[in-house]
Amino acid sequence: MLRSQGLTPLATDLDPSRVAPRCAGTVTRALRPFLHGRRGILACLCMASVVLLAPDAAVGGTETHPEADRSLRAPATWQLPSVPQVMRVLSLRDYNTRVVVVGTMLLGAGAGIIGTFLLLRKRALMADALSHAALPGIALAFIVLEAAGLSGKSRFGLLSGALVFGAAGVGAVLMIRRWTRVKEDAALAIVLSVFFGLGVALLGVIQRMATGNAAGLEAFIYGKTASMLFSDAVWIGAVAGVVMVVCGMFFKEFTLLCFDQDFAGTQGRSGLLLDTLMLGLAVLITVIGLQAVGLILIVALLVIPPAAARFWTHRLPVMAVIAAGFGALSGLLGASVSALAPRLPAGAIIILVAALLFGVSLLFAPARGFLSTAWQRFRLERKVGQQHVLRALFESGEPLVQQAQGKPGAAAAAGPVPFAALLAQRSWSPATLRRLLAAARRAGLTRRDGDDAYHLTDAGLAAARRAVRNHRLWELYLLTHAEVATSHVDHNADALEDVLDPTLVAQLEETLAAQHPHLAAATGPAGEGPAVAAAVPPSPHRLPGQGAQDVPAGRAGNVSGRR
Amino acid sequence: MIDTHAATDVTSTDTPAVSRGGLPLDRVPLAVHDLTVAYYRKPVLWDVDFEAPEGKLIAIVGPNGAGKSTLIKAALDLVPRTSGRVLFYGKPYRRQRQLIGYVPQRESVDWDFPVTALDVVVMGRYGQVGWCRPVGRQHREAARAALEHVGMGDFAGRQISQLSGGQQQRVFLARALAQDARLYFMDEPFAGVDAATEKAIVRILHELRSGGRTVIAVHHDLQTVPEYFDHVLLVNLRVVAAGPTASTFTSENLQKTFGGRLTLLDQAAHALASRR
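Residues numbered from 1 in each chain as written. Chains lettered and ligands numbered in written order. Predicted model: local features only at pLDDT ≥ 70, side-chain atom pairs only at ≥ 80, totals over all residues. Heavy atoms only, no water.

Caption draft 1: Highlighting the overall build of chain B. On a plain count of helices and strands, chain B comes out with 11 helices and nine strands. Counting every position in chain B, which comprises 276 residues, the buried fraction comes to 52%. Of the contacts made within chain B by residues no fewer than 6 positions apart, 67% connect residues no fewer than 24 positions apart. As displayed, chain B offers around 12,500 Å² of accessible surface, 50% of which is attributable to carbon and sulfur atoms. (Helix = DSSP H or I, 4+ residues; strand = E, 2+ residues; numbered from the N terminus. Buried < 20%, exposed > 50% of the residue type's maximum accessible area, 1.4 Å probe, protein only. Contact = heavy atoms within 4.5 Å. Areas by Shrake-Rupley, 256 points an atom, 1.4 Å probe, with all protein chains shown as cover.)

Caption draft 2: Just the packing of helix 18 (residues 370–396) of chain A against helix 21 (residues 430–442) of chain A, in detail. Residues and elements named next belong to chain A. Where helix 18 meets helix 21, the closest approach of the two axes is 9 Å, and the angle between their N-to-C directions is 90°. On the basis of their axis angle, the class for helix 18 and helix 21 is roughly perpendicular. Taking contact as the criterion, the partners of Gly385, Gln386 and Val389 in helix 18 are, on helix 21, Leu433, Leu436, Leu437 and Ala440. Here the residues of the contact of helix 18 with helix 21 are counted per class, giving five nonpolar, two polar and no charged. (Axes fitted to C-alpha atoms, helices over the stretch in contact; angles between N-to-C directions. Parallel < 35°, antiparallel > 145°, perpendicular 65-115°, else oblique. Nonpolar A, V, L, I, M, F, W, Y, C, P; charged D, E, K, R; others polar.)

Caption draft 3: Region of the structure containing the interface of chain A and chain B. In this assembly, 31 residues from chain A lie in contact with 34 residues from chain B. Surface buried jointly by chain A and chain B totals about 2,900 Å² across both partners, of which 62% is contributed by carbon and sulfur atoms. On inspection of chain A and its partner chain B, the count reaches six salt bridges. Across the salt bridge formed by B:Asp112 and A:Arg310, the nearest N and O atoms sit 3.4 Å from each other. (Buried area = accessible area lost by both parts, 1.4 Å probe. Salt bridge = Lys/Arg side-chain N within 4 Å of Asp/Glu carboxyl O.)

Caption draft 4: Spotlight on the nonpolar core. One finds B:Leu30, B:Phe50, B:Phe88, B:Leu147 and B:Phe185 to be the most contacted residues of the largest nonpolar core, which totals 174 residues. Top contributing element to this core by residue count: helix 6 (residues 95–120) of chain A, with 14 residues. With near-sequence residues (within four places) excluded, B:Leu30 lies in contact with B:Phe50, B:Glu51, B:Ala52, B:Val86, B:Leu87, B:Phe88, B:Leu183, B:Phe185 and B:Ile216. (Core = buried A, V, L, I, M, F, W, Y, C linked by side-chain atoms within 4.5 Å.)

Caption draft 5: Summary view of helix 5 (residues 137–149) of chain B. Residues and elements named next belong to chain B. The first and last C-alpha atoms of helix 5 sit 18 Å apart over 13 residues, in line with the 18 Å expected at 1.5 Å per residue. Those residues of helix 5 lying buried are His139, Ala143, Ala146 and Leu147. Taken around the axis of helix 5, the buried residues stretch over an arc of 100°, which confines them to a single face. The exposed residues of helix 5 that point more than 90 degrees off its buried face are Arg137, Gln138 and Glu148. On its buried side, helix 5 packs onto helix 3 (117–122), helix 4 (126–129) and helix 6 (165–178). After helix 5 finishes, the residue Gly151 shows a positive phi value of roughly 75°. (Expected span 1.5 Å × (residues − 1). Arc of directions from axis to C-beta.)

Caption draft 6: Up close: the sheet that holds strand 2 (residues 446–448) of chain A. Residues and elements named next belong to chain A. Strand order across the open sheet formed by three strands is 1-3-2, with antiparallel pairing between neighbours. Strands at the two margins of the open sheet, each flanked by one partner only, are strand 1 (417–418) and strand 2. Its contacts with the sheet place helix 18 against strand 1, strand 2 and strand 3 (453–456), and it is angled at close to 95° to strand 3. Its contacts with the sheet place helix 21 against strand 2 and strand 3, and it is angled at close to 110° to strand 2. (Pairing = 2+ DSSP bridges.)

Caption draft 7: Looking closely at unusual backbone geometry. Despite not being glycine, A:Lys122 shows a phi value in the positive range, around 60°. Inspection of the secondary structure assignment puts A:Lys122 in the loop between helix 6 and helix 7 (124–147). Note on A:Lys122: relative accessible area 55%, which makes it exposed. In the Ramachandran plot, B:Asp47 falls in the positive-phi region, its phi being about 45° despite a non-glycine side chain. Locating B:Asp47 in the fold gives a position in strand 2 (residues 42–52). Note on B:Asp47: relative accessible area 45%, which makes it partly exposed.

Caption draft 8: Structural detail: the side chain of A:Thr457. By secondary structure assignment, the location of A:Thr457 is in the loop between strand 3 and helix 22 (458–481). A polar side-chain atom of A:Thr457 sits 2.8 Å from the main-chain carbonyl oxygen of A:Gly444. (Polar contact = N/O pair within 3.5 Å; in protein donor to acceptor, adjacent residues only side chain to side chain.)

Caption draft 9: The arrangement of the confidence of the model for chain A in detail. Residue and element names in this part refer to chain A. Chain-level statistics for chain A give a pLDDT mean of 75 and a share of 67% at 70 or above. Here residues 1–46 is modelled with pLDDT under 50, and outside its nearest four sequence neighbours on either side it reaches 45 contacts, counting other chains as well. Across residues 519–534, confidence stays below pLDDT 50; counting only partners more than four residues off in sequence or on other chains, it has 21 contacts. (pLDDT = per-residue confidence, 0-100.)

Caption draft 10: Region of interest: the packing of aromatic side chains. The final tally for this structure, using the stated rule, is 14 aromatic pairs over all chains. Considering the side-chain rings of A:Phe311 and A:Phe358, the 5.8 Å spacing of their centres and the 65° angle between planes classify their relative orientation as edge-to-face. One end of the pair, A:Phe311, is in the loop between helix 15 (298–310) and helix 16 (316–340); the other, A:Phe358, is in helix 17 (residues 346–364), and 47 residues separate them in sequence. Assessed through its relative accessible area of 27%, A:Phe358 is described here as partly exposed. Clustering of aromatic rings is evident, with ring pairs tying together A:Phe117, A:Phe250, A:Phe251, A:Phe254 and B:Trp131. Positioned above the aromatic ring of A:Phe263, the side-chain terminus of B:Arg175 is 3.5 Å from the ring centre. (Phe/Tyr/Trp six-rings, centres within 6.5 Å; stacked < 30°, edge-to-face > 60°. Lys NZ or Arg CZ within 6 Å of the ring centre and 35° of its normal.)

Caption draft 11: Structural view of the packing of helix 11 (residues 230–249) of chain A against helix 14 (residues 271–293) of chain A. Residues and elements named next belong to chain A. The geometry of helix 11 relative to helix 14 is characterised by a closest axis approach of 10 Å and an angle of 165° between their N-to-C directions. Considering the angle they form, helix 11 stands roughly antiparallel to helix 14. Crossing of helix 11 over helix 14 shows left-handed handedness. Contacts between helix 11 and helix 14 involve Asp232, Trp235, Ile236, Val239, Ala240, Val242, Val243, Val246 and Cys247 from the first element and Leu277, Leu281, Leu284, Ile285, Ile288 and Gln291 from the second. (Left-handed = near helix turned anticlockwise from the far one by under 90°.)

Caption draft 12: Fine view of the pattern of salt bridges. Scanning all chains against the criterion turns up 22 salt bridges over all chains. Between B:Arg209 and B:Asp230 there is a salt bridge; the shortest N-O distance is 2.5 Å. Note that B:Arg209 is positioned in helix 7 (residues 195–210) and B:Asp230 in the loop between helix 8 (225–228) and strand 8 (231–236), a separation of 21 residues in sequence. When its relative accessible area of 22% is taken as the criterion, B:Asp230 is described as partly exposed. Members of the salt-bridge network, linked through shared partners, are A:Arg121, A:Arg123, A:Arg177, A:Glu184 and A:Asp275.

Caption draft 13: Up close: a positive patch on the surface. Residues and elements named next belong to chain A. On the surface, Arg379, Arg382, Lys383, Arg441 and Arg442 cluster together to form a positively charged patch. Elements supplying a minimum of two residues to the positive patch: helix 18 and helix 21. When residues in the positive patch are grouped by element, the largest group, three residues, is from helix 18. Checked against the element boundaries, Arg379 lands in helix 18. On the basis of relative accessibility, which here comes to 46%, the residue Arg379 falls in the partly exposed class. (Patch = residues over 30% accessible without salt bridge, like charges linked within 9 Å, V, L, I, M, F, W, Y side chains within 5 Å. Lys, Arg positive; Asp, Glu negative; His and termini not counted. Charge placed at Lys NZ, Arg CZ, Asp CG, Glu CD.)

Caption draft 14: Structural view of a nonpolar patch on the surface. All names here are of chain A. On the surface, a cluster of nonpolar side chains totalling about 730 Å² of accessible area is made up of Trp312, Leu356, Val360, Leu362, Leu363, Phe364, Phe370 and Leu371. Looking at the nonpolar patch, the elements with two or more residues in it are helix 17 and helix 18. Tracing the backbone shows Phe370 in helix 18.

Structure (structure tokens):
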């Protein structure tokens, strides 16, 4: 197959044993300024890949000739790979597998890094437009090469065409956006479809050409990972290295541009220049990846790993490294799987692995993942619900509990509160209230008292005191400072009390101490255990389920005055 | 000092050594001559002439869509000018970048961006750091000091999406302060901030003024203009009036600036008053 494409001479030309040491030297020299600190990782990565690509006599040698190797990789019928096959692939002992795996890993890593910036610049779809724009470039290059009597399969020629047209596609989008009133999404759609249409038309022309040896051009559309040659991998490695080095050098400029383009301008960082550089790198990695995963799927390598990485961190450097790692991992797993099951196209498998990583990130990432946020929401709801129950119990027996403060058994002083009375306190359904009461009982905060009535335990009293106190401080704060009508305070406080952190409570106490001296007196040297020591200020509004006759004398005038 | 109606010759292409107010130009933080900005064919700013006095707090006031933000952005070369000339301390912007700080509108960026508050403030030092160089320790320290200055020292490592609106505004302010400029442009620094932040910003404005810095801020709250600002520039596509707040911020000028809307309000108020 390789021979039929006339590519074998090329492969022997680029004898790995000669190239590898040369590459290693070049890479080391290029990276010397960055070998210190974080960027050393990049250098190590590049060098490791060069070393991996060199065939070593021990496992390699003549036995790993591509042709011989292919028989192992392509069983005639689909069957589960045997254990030795799996081991062979995973340990990268086959030269061919090794080339494909390392090539796709480097492609994934490079795409992940530049993709991070594209994503943050909200230019993810730009990659799609530019990869589709590359197709007419490839077709046109083929036609020109054939017309000139050269081989239309010259990779350099085809990729040059792709490069020129990819850049033209990006330029067209930017120009349409800059000089016309067409919005960016429309510009992207227009450029993508027009260039792709032109490419398809040119492919049709090629089909009818006399030379007609167009087989293989569709590899650029769907990708042909498994036929990656050593020289392909070296090219990919070189481009990925350039992407990593340039992104490392311009890390702070790219960050600034993505975050705040106008401010970048005031710091003397031309947005046009940086955008050109950033998109130029994207064009490079896209064009070099066309053969490997195809123009339809390359955009996925640029977008999915960074999007997945965003779930795991809120630091941009970390995000870039994770995105590169996810990209490389997609390449590794995708190429390995397709080496074991050659019927499955590697490009598609790589993307599916990336999508799997994305799904895992979306679900399980600790801070931003779906499960984590759902769990946090659930806990917040439970906490708010529990506070409501505690407050309802506390307020039901409030005057008596307040009077018994500090004495043993204060919690039980008010006696049990019947379920129906609790239910009347808020607009909750009986089922919700039962669930909340059961949860509070399990937490040891309430006790059930025989005949469907409840009272607080000592621990429950402490917690209730804290909740009521925060709630009322907040109510008072809103009343005094936010000019909120009394009738609306309760509702607002319910929604917001959970945002009260200790420092805000301290601030409220300070603010309110002047107007409410009893607060200041109670919070003096209490230190910890404010739940017991600190006084609970009276509610500024009439409590539900509590008649005027229940209100202590000191507060009666206050409440009725407001009514 | 501020002189918008002067009939002096501004068409000459030579940079005059003296401003129209008679000051040497390198003492004038901002001199705008004949500035016109148009988006497509619709003019947004028309023949704006303005000279900012040094060491003052200057408010740009005008209705929505009057071109207030555009004025700042055109001065900073962020939007193309259709015509006109802008000089900072007598020289064009690209030669004075280091002296000019900028606080954009808070809504102009995506706050769910993976950077910390300190990372954002450090951006104010990039102009001094140079291309492709890592941010040195002295720049990091300067950024940290700026964060402390706006009362956000404890939030240095906080991801910016976890900050409240007022805290985000203070981070933006700190970023401009970290640059240690002589002239600051602020685009609605008081928009949607809490009382604590408003107080902090006012304190910083006063400190900047006593340090001899000039601040030009777009301001929306007409109530607080006389309290916060020394000078005012009333804009509605053109400059309506400019000068010290006491003499310029009059109801007559405001009516000219806000046009029909304020008049309508006045009429409504009159109608209500006469009915009683």
